[in-house]
Amino acid sequence: ALSYSMEGQDFGGALETAGGIARALPRLAAVFWVLAGDVYTPGFGFDPAQAEAFTTSPALAHIWLVPNPGHNPGGDFGLAPNGLALNLPTNDPSPRHTYSTIGLYKRAFFEPPLCPIPPGNPEGVRAALGPLLRKAMDQGLVTATLYTGPWTDVGTPARLAGLNAGATANGPIPQ
């Protein structure tokens, strides 16, 4: 069954990603997938084996990073050889990649002490996901995989037009 959070009606506007997930938390399983609704990524596999491996790991989040698209040339996060996602300091010259908005999360990621918003977000607290990810990365609680398949954040009319013309941020649409 689908459930909708009427954030505009209930709170006067969107709660952003972390606030919205905190709102949904009472309805979510112990481990769950997150994917932005405006991402086009044909061929991405939501692999049950990866989810199972993540479930038994100490990480609270596993995110997929992508090569930096034109709209985010500086990237978001680093990736260590051991698979940890890195919150790199601004002056760190290490390579950065863009968060694809695809991730596996454990409920504990959105609970205290990491996330101060009560499950269900009854007060309608607005909260972005990025600061929580950075905080968890600083504690070694986020792992990552670099995904190099077709991917596009269809967040603007121009990116949608490019996608409709047959191109993703990471190359042509596979046939």
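The preceding data block contains the structure.
Residues numbered from 1 in each chain as written. Predicted model: local features only at pLDDT ≥ 70, side-chain atom pairs only at ≥ 80, totals over all residues. Heavy atoms only, no water.

## Focus on the environment of Asn-87
Assignment of secondary structure puts Asn-87 in the loop between β5 (85–86) and β6 (98–106). Considered as a pair, Asn-87 and Phe-77 are 10 residues apart in the sequence and their alpha carbons are 5.6 Å apart. Apart from the residues within four sequence positions on either side, Asn-87 is in contact with Arg-134, Met-137 and Asp-138. A distance of 2.9 Å separates polar atoms of two side chains, one belonging to Asn-87 and the other to Arg-134. Looking at Asn-87, its side chain comes within polar contact range of the side chain of Asp-138, at 3.1 Å. (Helix = DSSP H or I, 4+ residues; strand = E, 2+ residues; numbered from the N terminus. Contact = heavy atoms within 4.5 Å. Polar contact = N/O pair within 3.5 Å; in protein donor to acceptor, adjacent residues only side chain to side chain.)

## Some thoughts on the packing of aromatic side chains
Tallied over the full model, the rule gives 11 aromatic pairs. Ring geometry for Phe-44 and Tyr-147: centres 5.2 Å apart, planes at 75°, overall edge-to-face. With a gap of 103 residues between them, Phe-44 in the loop between β2 (39–40) and α3 (48–55) and Tyr-147 in the loop between β7 (142–146) and β8 (152–153) connect regions that are remote in the sequence. Among the residues examined, Tyr-147 registers a relative accessible area of 14% and is labelled buried. Aromatic pair Tyr-105 and Phe-110: ring centres 5.5 Å apart, planes at 55°, arrangement tilted. Like Phe-110, Tyr-105 is buried. The residue whose ring lies beneath Lys-106 is Phe-54, and the NZ or CZ to ring-centre distance is 4.9 Å. (Phe/Tyr/Trp six-rings, centres within 6.5 Å; stacked < 30°, edge-to-face > 60°. Buried < 20%, exposed > 50% of the residue type's maximum accessible area, 1.4 Å probe, protein only. Lys NZ or Arg CZ within 6 Å of the ring centre and 35° of its normal.)

## Some points on the sheet that holds β7
Spatial strand order, β1-β6-β3-β7: four strands in an open sheet with mixed pairing. Edge strands, defined here as strands with exactly one partner in the open sheet, are β1 (31–35) and β7. The sheet shows a mean angle of 20° between the axes of neighbouring strands, direction not considered. The sheet strands contacting helix α4 (residues 129–138) are β3 (61–66), β6 and β7, and the helix crosses β6 at an angle near 70°. (Pairing = 2+ DSSP bridges. Axes fitted to C-alpha atoms, helices over the stretch in contact; angles between N-to-C directions.)

## Examining the pairing of β6
Within β6, eight of the nine residues are buried, which leaves it mostly tucked inside the rest of the structure. In terms of strand pairing, β1 meets β6 through five bridges, oriented antiparallel. Its bridge partner lying in β6, Val-31 is registered against Lys-106. In the sheet, β3 pairs with β6 via six bridges, with the strands oriented antiparallel.

## Quick look at the pattern of salt bridges
Tallied over the entire structure, the rule returns three salt bridges. Glu-111 is the salt-bridge partner of Arg-107, the closest N and O atoms lying 3.7 Å from each other. The closest approach of N and O atoms between Asp-153 and Arg-159, which form a salt bridge, is 3.4 Å. Residue Asp-153 is classed as buried on the basis of its relative accessible area, which comes to 19%. For Arg-159, a relative accessible area of 23% corresponds to the partly exposed category. (Salt bridge = Lys/Arg side-chain N within 4 Å of Asp/Glu carboxyl O.)

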